[in-house]
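# Chains, contacts and geometry: an overview
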Amino acid sequence: MTDVLIAGALLLVAAAATAAVLNRDPARQALVLSFLGLSLALLFTFVQAPDVALSQLAVGSALTPLMILLTVRKVKRGPRGGPRGGNGDR
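My aim in this report is to walk through the structure given alongside it, one point at a time. Computed from a predicted structure; not experimentally measured. (Residues numbered from 1 in each chain as written. Predicted model: local features only at pLDDT ≥ 70, side-chain atom pairs only at ≥ 80, totals over all residues. Heavy atoms only, no water.)

### Here's the deal with the nonpolar core
- A9, V13, A16, L36 and L43 form the largest nonpolar core, which has five residues in total.
- Breaking this core down by element, the ones donating at least two residues are α1 (2-22) and α2 (26-46).
- With three residues, the top contributor of residues to this core is α1. (Core = buried A, V, L, I, M, F, W, Y, C linked by side-chain atoms within 4.5 Å. Buried < 20%, exposed > 50% of the residue type's maximum accessible area, 1.4 Å probe, protein only. Helix = DSSP H or I, 4+ residues; strand = E, 2+ residues; numbered from the N terminus.)

### Concerning α1
- Over its 21 residues, α1 runs 30 Å from end to end, which matches the ideal 30 Å to within 8%, given 1.5 Å per residue.
- Among all positions in α1, only A9, V13, A16 and A20 are buried. Angular distribution of buried residues about the axis of α1 spans 70°; they occupy a single face of the element. Along α1, the residues that are exposed and aim more than 90 degrees away from the buried face are D3, V4, L11, V21 and L22.
- Along its buried surface, α1 packs onto α2. (Expected span 1.5 Å × (residues − 1). Arc of directions from axis to C-beta. Contact = heavy atoms within 4.5 Å.)

### As for helix α3 (residues 50-77)
- In a regular helix each residue adds 1.5 Å, so 28 residues correspond to 40 Å; α3 covers 39 Å between its end C-alpha atoms and thus fits that length.
- In the structure, α3 departs most strongly from a straight axis at Q56, where the bend amounts to approximately 30°.
- On its buried side, α3 packs onto α2.
- The first or second residue beyond α3 is G78, which carries a positive phi of 95°. (Bend = angle between axes of the 7 residues up to and from the residue.)

Listed below in structure tokens is the structure:
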């Protein structure tokens, strides 16, 4: 039974990693990366590594995608918080 769960988790990880690579939009990539982190945490739980699973859950599925989304938002918004940019003089 455990081998079936591990094989299923490995397939889920492979599918999520492939989806992350094939996506072009960085925001979508971040969401798929979050799902990849969740599936890796599930895999680590099945192979009896709960400490690694908790670390993966915190960093791989929460912190890293959040930082990517914030960076994408900052880059799309432009310098100084506005779409025009500049130094604030109008």
